[in-house]
Amino acid sequence: MDLIDLRSDTVTRPGPGMRKAMHDAEVGDDVFGDDPTINQLQERVAALFGKEAAIWTPTGTMANQIAIGSLAGQGEEIICDRGAHIVNYEGGAISALWGAQSLVVDGERGIFGPEDVRAVLRRGDNEHFPRQRAVALENTHNRGGGSVWPIAQMRKVAALAHEAGLAVHLDGARLWNAHVVSGVPLLEYGALADTVSVCLSKGLGAPAGSLVASTRERVMRMRRLRKRLGGGLRQAGVLAAAGLYALDHHIERLAEDHQNARRLAELVREIPGLSCEPRLVETNLLFVDVAVKGGSRALVAAARSEGVLCNAEGAGERIRLVTHLDVPASAIPEAAQRLRQAATAL
Ligand SMILES: *Cc1c(COP(=O)(O)O)cnc(C)c1O
């Protein structure tokens, strides 16, 4: 029985075309700036977002954190949603690495408005206050269920931040998914943010690699922070080649993952004890509320023995199902059937 792995879009494995590109990659020492394939990828991603430069990192966490480290330091503050990846899933890095803190607002599925930011702006140069430096947005929003920011709302939040003298960071680990769904050009996302991070190792299927695009000057500062974190790789072009291949071949096909997630939602909500709202499945993440004996953890274990891998999500009784490159449309009915077996056995 083949496992159907719905734990994350990070589980994708490089296929033959991507491996060939990696095999054939021209490489150099990227700490010296002379890996041609890394340079090509950095220039390409900078251009996609209309930025002067970009920097490659091994992980999305490092990409977000060098961006944040370039924006805020000790005693300073970043405003973001309560469910943000940078707050919940990066090991407390904002404070641990930079001595900064987050100030969270309560968005709707990770999406907040200018009024939410305005409500927490600190007025005046009062010695009691942390200095506010940036507003961080996440699109799509992971904990919000793969939700997609309306571009008009992003622009309003970014405009308010800039008026208040704050920078805008965009955690775009799954910005490709948002772009495919919304049709908003990547340049428009780039135009509203000072730093944009993107992942190549989620839905795009590369084994590793993220980038931050920004100004040339800020990218130079981020290179220093990346080195400090031990993220200066040498012949990283082998990995950059996978990223270039992913940009060429795996962006438009994300639409299939989105259709598969919606289809899976329609099937899963027919299973007794499981509920979800297909209308809210905008991209490739699907959160399912679980009301079976033993709760989400029991369901995850039972699903595993039926050959479906998934994760329990947060403290509540929810599981997360993620569609991706290695789950073809033909596996969706089978996945739902196995989940039904698992849920009804409890
Ligand atoms: C996955 C993810 C990241 C980065 O994760 P890594 O595992 O470090 O590559 C950043 N932001 C969001 C929203 C993510 O989903």
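What counts and what doesn't
- Residues numbered from 1 in each chain as written.
- Predicted model: local features only at pLDDT ≥ 70, side-chain atom pairs only at ≥ 80, totals over all residues.
- Heavy atoms only, no water.
- Domains from an automatic or database assignment.
- Contact = heavy atoms within 4.5 Å.
- Buried area = accessible area lost by both parts, 1.4 Å probe.
- Salt bridge = Lys/Arg side-chain N within 4 Å of Asp/Glu carboxyl O.
- Polar contact = N/O pair within 3.5 Å; in protein donor to acceptor, adjacent residues only side chain to side chain.
- Pairing = 2+ DSSP bridges.
- Helix = DSSP H or I, 4+ residues; strand = E, 2+ residues; numbered from the N terminus.
- Axes fitted to C-alpha atoms, helices over the stretch in contact; angles between N-to-C directions.
- Buried < 20%, exposed > 50% of the residue type's maximum accessible area, 1.4 Å probe, protein only.
- Core = buried A, V, L, I, M, F, W, Y, C linked by side-chain atoms within 4.5 Å.
- Near = heavy atom within 4 Å.
- Areas by Shrake-Rupley, 256 points an atom, 1.4 Å probe, with all protein chains shown as cover.
- Nonpolar A, V, L, I, M, F, W, Y, C, P; charged D, E, K, R; others polar.
- Phe/Tyr/Trp six-rings, centres within 6.5 Å; stacked < 30°, edge-to-face > 60°.
- Lys NZ or Arg CZ within 6 Å of the ring centre and 35° of its normal.
- Left-handed = near helix turned anticlockwise from the far one by under 90°.

1. Regarding the domain arrangement of the protein
It is common to give the size of an interface as the accessible area that goes away when the parts come together.
Line of reasoning, step 1. According to the domain assignment, the protein consists of domain 1 (14-249) and domain 2 (253-345).
Line of reasoning, step 2. Once you take the C-alpha centre of each, domain 1 and domain 2 turn out to be 28 Å apart.
Line of reasoning, step 3. Between domain 1 and domain 2, the contact holds 19 residues from the first and 14 residues from the second.
Line of reasoning, step 4. Taken over both partners, the interface formed by domain 1 and domain 2 buries close to 1,400 Å², and the fraction arising from carbon and sulfur atoms is 52%.
Line of reasoning, step 5. In this structure, the connection of domain 1 to domain 2 is made through one salt bridge.
Line of reasoning, step 6. Residue Arg109 is joined to Glu282 by a salt bridge in which the shortest nitrogen-to-oxygen separation is 3.1 Å.
Line of reasoning, step 7. One can count seven residue pairs in polar contact (both at pLDDT 80 or more) joining domain 1 with domain 2.

2. Concerning the sheet that holds strand β4 (residues 101-105)
Line of reasoning, step 1. On the basis of which strands lie adjacent, the open sheet formed by seven strands has the order β2-β8-β7-β6-β5-β3-β4 and mixed pairing. Bordering the open sheet on either side are β2 (53-57) and β4, each of which pairs with just one other strand. Ignoring strand direction, the axes of neighbouring strands in this sheet form an average angle of 20 degrees.
Line of reasoning, step 2. Where strand β3 (residues 76-81) and β4 come together, five bridges link them in parallel fashion. Residue pairing for β4: Glu77 is matched across the bridge by Gln101.
Line of reasoning, step 3. Here helix α2 (residues 36-48) sits on the sheet in contact with β2, β7 (195-199) and β8 (210-214), set at roughly 125 degrees to β2.

3. Considering the environment of Ala208
Line of reasoning, step 1. Structurally, Ala208 is set in the loop between β7 and β8.
Line of reasoning, step 2. What makes Ala208 buried here is its relative accessible area of 17%.
Line of reasoning, step 3. On a C-alpha basis, the gap between Ala208 and Gly60 in space is 8.9 Å, while along the polypeptide they are 148 residues apart.
Line of reasoning, step 4. Once you skip the residues sitting within four places of it in the chain, Ala208 turns out to touch Trp56, Pro58, Ser201 and Leu239.

4. Observations regarding the nonpolar core
Line of reasoning, step 1. Counting 53 residues, the largest nonpolar core has Leu41, Phe49, Val135, Leu137, Trp176 and Tyr189 as its most contacted members.
Line of reasoning, step 2. The element best represented in this core is helix α7 (residues 151-163), accounting for six residues.
Line of reasoning, step 3. Residues contacting Phe49, with those up to four places away along its chain left out, are Leu175, Trp176, Leu186, Leu187, Gly190, Ala191, Val196, Val198 and Ala213.

5. Section: the sheet that holds strand β10 (residues 285-290)
Line of reasoning, step 1. Strand order in the open sheet formed by four strands is β9-β10-β13-β12, and the pairing between neighbours is antiparallel. Since the sheet does not close on itself, it has two edges, and those belong to β9 (274-275) and β12 (311-312), each with one partner.
Line of reasoning, step 2. This element, helix α12 (residues 254-268), spans β9, β10 and β13 (318-322) of the sheet and lies at about 15 degrees to β10.

6. Regarding the pairing of β13
Consecutive residues of a regular strand have side chains that alternate between opposite faces of the sheet.
Line of reasoning, step 1. Counting buried positions along β13 yields four of five residues, so the element is predominantly enclosed.
Line of reasoning, step 2. In this structure, β12 lies alongside β13, joined through two bridges in antiparallel fashion. Across the sheet, residue Asn311 finds its bridge partner in β13, namely Arg320.

7. A short note on the site of the ligand
Line of reasoning, step 1. Near the ligand you find Thr59, Gly60, Thr61, Asn64, His85, Glu90, Glu138, Asn142, Asp171, Ala173, Arg174 and Lys202, and these make up its full shell.
Line of reasoning, step 2. In the environment of the ligand, an oxygen atom lies 2.9 Å from a nitrogen or oxygen atom belonging to the side chain of Arg174.
Line of reasoning, step 3. Within the contact set of the ligand, an oxygen atom lies 2.9 Å away from a side-chain nitrogen or oxygen of Lys202.
Line of reasoning, step 4. Here the ligand has 380 Å² of accessible area as a free molecule, and 84% of this is covered by the chains.
Line of reasoning, step 5. Partitioned by chemical class, the residues of the shell around the ligand number one nonpolar, six polar and five charged.

8. Focus on the packing of aromatic side chains
Line of reasoning, step 1. A complete count under the given rule lists two aromatic pairs for this structure.
Line of reasoning, step 2. A ring pair is formed by Phe49 and Trp176, whose centres lie 6.0 Å apart and whose planes are at 50 degrees; its orientation type is tilted. Of the two residues, Phe49 is situated in the loop between α2 and β2 and Trp176 in helix α8 (residues 175-182); the sequence distance between them amounts to 127 residues.
Line of reasoning, step 3. Measuring from centroid to centroid gives 5.1 Å for Phe112 and Trp149, while their planes differ by 85 degrees, and the two rings are edge-to-face. Linking Phe112 in the loop between β4 and α6 (114-118) with Trp149 in the loop between β5 (131-138) and α7, this pair joins segments that are 37 residues apart in sequence.
Line of reasoning, step 4. Using a relative accessible area of 1% as the deciding quantity, one classes Phe112 as buried.
Line of reasoning, step 5. Judged by its relative accessible area of 1%, Trp149 is buried.
Line of reasoning, step 6. If you follow Arg234 out to its NZ or CZ, it ends over the ring of Phe32, 5.9 Å from the centre.
Line of reasoning, step 7. Its guanidinium or amino end placed over the ring of Phe287, Arg318 lies 4.2 Å from that ring's centre, counting from NZ or CZ.

9. Remarks on the pairing of β8
Line of reasoning, step 1. By the criterion of burial, β8 is predominantly enclosed, with five of the five residues buried.
Line of reasoning, step 2. As paired strands, β7 and β8 are joined by four bridges and run antiparallel to one another. Counterpart to Ser197 in the pairing with β8 is Val212.

10. Points about the packing of α2 against helix α11 (residues 237-249)
The relative placement of two packed helices is expressed as an angle between their axes plus a distance between the axes.
Line of reasoning, step 1. With their axes 8 Å apart at the nearest point, α2 and α11 run at an angle of 35 degrees to one another. Seen from above, α2 lies across α11 with left-handed handedness. Note on element contacts: α11 touches α2 through Gly237, Ala240, Ala241, Gly243, Leu244, Leu247 and Asp248, opposite Thr37, Ile38, Gln40, Leu41, Arg44, Val45 and Leu48.
Line of reasoning, step 2. For the contact of α2 with α11, the residue count by class is eight nonpolar, four polar and two charged.

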